[in-house]
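If you want the building blocks of each chain, they are given just below.
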Amino acid sequence: MMRKLLTIALVLVLTWAQGQEYQKYNWEEDRKITALSDDQKDLPFVYIKYHHQYEYTYEEGTGDLYLYQTEHQIIKVNNDNALARNNRIYIPMHSALELVDLQARTITKDGRTITFDKNEIKEINDEESGSGFKIFAIEGAEIGSEIEYYYTKKSYPSYFGREFYQFSEPLIDGTFLLLSPGNLEFEFKSYNGLTDINFDQAEGINIYTLKTEDVAPLKKEEFSSYDNSRQRLEFKLSYNKASNRLLFKWKDAAQLLYDQVFIQDKEDEKLISKLISDIDLKKYNTERLKITAIEDYIKSNFYFDKNTGGQANELSFILENKIAGKIGMTKLLLNSIKSLGVDVQLVLTTSRNEIAFDGGFETYNYLEDYIIYLPKTDVYLAPYSPEFRYGMIPADLTATDGLFVTEQFVDDMPLPKAEIKTIPPLPAEDNLDKMEVGVTFNDDLTSNTITLKRSFNGYSSAFIKAVYPLIEEERKQELLKSLVKFLAVDADISTLAMAKTQFDFQTWDSPLVVDSKFNSPSFIELAGDIILFKAGELIGPQTELYQESERKTRVQNDFNREYDRTITVDIPDGYKIENLDDLIFEKKVVEGENEIYYFRSNYTLENGVLKIQVDEGYEEIYYPKEKFEAFREVINAAADWNKIVLVMSKS
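Predicted, not measured: the structure shown is a model, and the values here were computed from it.

Caption draft 1: Summary view of the pattern of salt bridges. On inspection of all chains with the given rule, the structure shows 40 salt bridges. Lys-49 is the partner of Asp-173 in a salt bridge, and the nearest nitrogen-oxygen pair spans 3.6 Å. Placement of the pair is Asp-173 in strand E10 (residues 171-181) and Lys-49 in strand E1 (residues 45-58), with a sequence separation of 124 residues. Arg-112 serves as the salt-bridge partner of Asp-110, at 3.5 Å between the closest nitrogen and oxygen. Judged by relative accessible area, which is 54%, Asp-110 ranks as exposed. Note on Arg-112: relative accessible area 44%, which makes it partly exposed.

Next up, the structure:
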């Protein structure tokens, strides 16, 4: 979003006197098939070559700056799945002015070369996003073939870039080239072990190159951010010699964002005043209630469209048409709160599930998502996410850094302050899933009657609270049933109700509670006079974390969370339990004086009533890969407990 706000006139402020011609990219004409090692032959496919090239060129005559972007890949396919995955090539055309060049061919395992027919290329447009792509199939490819292609696109210049050089399969030869006029200097940063950029100059051209070889594959791992763990390169335009100007600093972003979001126009102030008047805040006597009333009104009456922009970021259009984009929704909510005299800060960040914000490298690639921060109360708001209310924002935008923009004035002129600070995650207690389970045995001992009271808050309940009032009755029942049938698919439900079906902004953070009663035979197996009671399944399905190979990435949880489960079992008359000690579990991870991950269970038995308590918690988002085994033991403790079967015999 931030990148869309930039224009060449804002940053270059020049026309370079000397134009230059785009240098056509070429591949090796008579290339022979690549020999693989024995290990590589057993892999689905191998990246023989992966090349990305950016050429910034001032065109002759006009002096306008354009970007020619080239991608060149050679892929060796070793099985049918790999062949199906790679024999169709997609070229994204978003923001591209034209496809300048395209070449593709197959080199078969016996050395024959089959060239792509350019007449076979098709174009597909995505009307929803306003972008499209070109698509073509590779002809003649077979197992053992090498699929090779390159294409060059011409576009208006982008001043920020990102390329990955690590994949799920090995990369033999990875290269990068960026060419820019001598006045435009770029800055680079390599991540996760990628080699650094080399710099050279020739005939007034800046030449930036990178070469990496034999990059080991990185497979996706559970509880991990895959893209953030891959070897990658970030780059940005950083300096213009012609104007002696450093470019795209955080302070520049803060000024641009301030101008886009904070209103400074008297007419806009009147529009906000009218909106506040419509909400009628006089009946609320605290600042928090007024803020939550404003948030609720905006999120209930204005539609967010992520693909819209332009007019949909202007208050007059938004208030008339009830539709807004990211900037528009943020502008509306921030200035409405600000009109109460509340200090507000604008925060920009990006999802840590994709690429975590790095405040040490000033690329606007990180400025994707908007948050509002209230420093007085240390509260964050998500301006365009209706399911997240006061104090809660999307989990993937927490436990990462962000750019904080604070309004300040120097000699009555707005000069916003830019700071890089951490956006904290919610504590585990704010994401509590609590279950109270009561179990009795039916007379013939072949099924159980189970009562389940389940209450949860935080992220687990946010989406349900937002959608439940809006869906038809049939879907409401299906939703409630899913909150019960996770315990037993065959549950015969006799009672099912949500304690509260309407959540207004004043009670939004109260727990969502579902009461149910059902019969199920799935927890019992009979073996003669022995009852095998699957008590472990009463906590629901659990993740089992396997890790046969060495862990490559650090642990990353979605959010901090707690589970509180109380299970009360009426033991059938005349029966006793042979293996009660199986219910006693404890696995934990302690760092310093803090217990950050834990799973524990215990029981009491009195007058034929067995009461089991199971507690589980995750209090840290990140944990080092070197200590992964300790984390895995806690996760697997829940999975192991889920397998517990109590043996009941006649006493």
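The discussion continues.
Caption draft 2: Layout of the pairing of strand E18 (residues 345-349). Burial analysis of E18 places 5 of its 5 residues in the buried class, the great majority of the element. Taken together, the 4 bridges between E18 and strand E21 (residues 400-406) define a ladder with antiparallel strand orientation. Each bridged residue has a counterpart across the sheet, and for Gln-345 the counterpart in E21 is Thr-406. Direction of pairing for E18 relative to strand E19 (residues 369-374): antiparallel, over a ladder of 5 bridges. Opposite Thr-349, over in E19, you have Asp-369 as the bridge partner.

Caption draft 3: Main features of the side chain of Asn-335. On the secondary structure map, Asn-335 appears in helix H9 (residues 326-338). At 3.1 Å, the side chain of Asn-335 forms a polar contact with the backbone nitrogen of Ile-263. Once you skip the residues sitting within four places of it in the chain, Asn-335 turns out to touch Val-261, Phe-262, Ile-263 and Ile-272.

Caption draft 4: Highlighting the sheet that holds E1. Taken in spatial order, the 8 strands of this open sheet run E5-E4-E8-E2-E1-E10-E13-E12, and their pairing is mixed. Edge strands, defined here as strands with exactly one partner in the open sheet, are strand E5 (113-115) and strand E12 (198-202). Between one strand and the next, the sheet's axes are offset by a mean angle of 15°, whatever the strand orientation. The pairing of E12 with strand E13 (residues 205-215) spans 5 bridges and is antiparallel. Looking at the pairing, Gln-201 lines up with Asn-206 of E13.

Caption draft 5: Just unusual backbone geometry, in detail. Residues other than glycine seldom take positive phi values, yet Phe-223 does so here, at roughly 55°. Position of Phe-223 relative to the elements: it lies in the loop between E13 and helix H4 (226-229). Despite not being glycine, Lys-322 shows a phi value in the positive range, around 60°. Here Lys-322 falls in the partly exposed class, since its relative accessible area comes to 36%.

Caption draft 6: Spatial organisation of the sheet that holds strand E27 (residues 492-498). Taken together, 8 strands build an open sheet; the order of strands is E27-E28-E26-E25-E32-E36-E35-E34 and the sheet is mixed. The strands lining the two open edges of the sheet, one partner per strand, are E27 and strand E34 (585-591). Ignoring which end each strand starts from, the neighbouring axes of this sheet average 10° apart. Direction of pairing for strand E25 (residues 432-441) relative to strand E26 (residues 448-456): antiparallel, over a ladder of 9 bridges.

Caption draft 7: Geometry of helix H10 (residues 459-467). A large share of H10 lies buried, amounting to 7 of its 9 residues. Taken residue by residue, H10 has Tyr-459, Ser-461, Ala-462, Ile-464, Lys-465, Ala-466 and Val-467 as its buried positions. In this structure, the buried side of H10 is in contact with E26, helix H11 (473-485), E27 and strand E28 (512-520).

Caption draft 8: Looking closely at the packing of aromatic side chains. Counted under the stated rule, the structure contains 43 aromatic pairs. Relative to Tyr-151, the ring of Tyr-149 lies with its centre 6.4 Å away and its plane at 5°, an arrangement referred to as stacked. Across the pair, exposure class does not vary: Tyr-149 and Tyr-151 are buried alike. Taken together, the aromatic side chains of Tyr-54, Tyr-56, Phe-176, Phe-186, Phe-188, Phe-199, Tyr-208 and Phe-235 make up a single cluster linked through ring pairs. Over the face of the ring belonging to Tyr-226 we find Lys-220, whose NZ or CZ atom lies 5.6 Å from the ring centre.

Calculation criteria
Residues numbered from 1 in each chain as written. Predicted model: local features only at pLDDT ≥ 70, side-chain atom pairs only at ≥ 80, totals over all residues. Heavy atoms only, no water. Salt bridge = Lys/Arg side-chain N within 4 Å of Asp/Glu carboxyl O. Helix = DSSP H or I, 4+ residues; strand = E, 2+ residues; numbered from the N terminus. Buried < 20%, exposed > 50% of the residue type's maximum accessible area, 1.4 Å probe, protein only. Pairing = 2+ DSSP bridges. Polar contact = N/O pair within 3.5 Å; in protein donor to acceptor, adjacent residues only side chain to side chain. Contact = heavy atoms within 4.5 Å. Axes fitted to C-alpha atoms, helices over the stretch in contact; angles between N-to-C directions. Phe/Tyr/Trp six-rings, centres within 6.5 Å; stacked < 30°, edge-to-face > 60°. Lys NZ or Arg CZ within 6 Å of the ring centre and 35° of its normal.

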